[in-house]
Amino acid sequence: MKQKLILMGLLAGSVLPTIGETVVRPIDPIVPIEPVKIISKKDVLEASKMEFRDMDVDYYILDELGGWRVFVDAEPLKGWEHEGYILDYPMSIKGSEILIPLNKTFVCLPPKGNYKPLEINSLYDTNGLTKPVVSKIEISQEEKAEAEKTYALIISGGIAPCANKCK
C-alpha cells in the first residue's frame, strides 16, 4: 500500500506543477489592427472619376446619410430624362482597402435631395443651377392676334429608351 501511495505521489508530481513553479503557455499571436481611413469629398470625387474615365460628366454630392452619395450626370447638356448614375460610398475604409462604390445605380432622372456641385465640367458651369431671366417684350395688336393662332409641338425623345415616355 505504501508503494502505491509513493507511486501515485511521483505521478502527481510529474503531471502537476509544484508550488512556485511557473507554467508557460503559448501566447496568442498579436493581430495588428489596420488603421481606418476617413473618406473625404476629394477621395469620393477621385473614385467616381475612375468609374467614368474619358467621359464628360458632372458630379454632384447628395445628402450624407451614413455614407457618401454621388449623383453622376452622364449627359449634362441634355434636358429631361437622360443617363445618370448614383454611386454610394462608405464614410471610412480599412487602410489597405481600395475605395470603390458600394452601389452603382442607373437612373433616368436624378433622385430627390439636396445637391451640391462636386465638379461641373459641362458648358453650363454653375449657371446651370440658376433660373433664366427673359426680358419682357411689348408686341402690337396684330402680332398678338397672330400669336394666339400659333401652337408649339414639343417632341421629346432620342435614342435613350427612357427618354421616350409620355409626359
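Note that the structure is a prediction, hence the values are computed from the model and not measured.

**Overview of the pattern of salt bridges**
Move 1: If you walk through the whole model with that rule in mind, you get 4 salt bridges.
Move 2: E51 serves as the salt-bridge partner of K104, at 3.5 Å between the closest nitrogen and oxygen. Note that K104 is positioned in strand β6 (residues 103-107) and E51 in helix α2 (residues 41-51), a separation of 53 residues in sequence.
Move 3: The exposure class of K104 is partly exposed, given its relative accessible area of 42%.
Move 4: In this structure E51 comes out as partly exposed when scored by relative accessible area, which is 31%.

**What to know about the packing of aromatic side chains**
Move 1: Enumeration according to the criterion identifies 5 aromatic pairs in this entry.
Move 2: Relative to Y85, the ring of F52 has its centre 5.3 Å away and its plane inclined at 50°; by these criteria the two rings are tilted. Of this pair, F52 sits in the loop between α2 and β2 (58-61) while Y85 sits in strand β4 (residues 84-89), and the two are 33 residues apart along the sequence. We note that F52, like Y85, is buried.
Move 3: A centroid spacing of 6.1 Å and a plane angle of 85° characterise the contact between Y60 and Y115, whose relative ring orientation is edge-to-face. With a gap of 55 residues between them, Y60 in strand β2 and Y115 in the loop between β6 and β7 (116-119) connect regions that are remote in the sequence.

Calculation notes
Residues numbered from 1 in each chain as written. Predicted model: local features only at pLDDT ≥ 70, side-chain atom pairs only at ≥ 80, totals over all residues. Heavy atoms only, no water. Salt bridge = Lys/Arg side-chain N within 4 Å of Asp/Glu carboxyl O. Helix = DSSP H or I, 4+ residues; strand = E, 2+ residues; numbered from the N terminus. Buried < 20%, exposed > 50% of the residue type's maximum accessible area, 1.4 Å probe, protein only. Phe/Tyr/Trp six-rings, centres within 6.5 Å; stacked < 30°, edge-to-face > 60°.

Keep in mind these values describe shape, not function.
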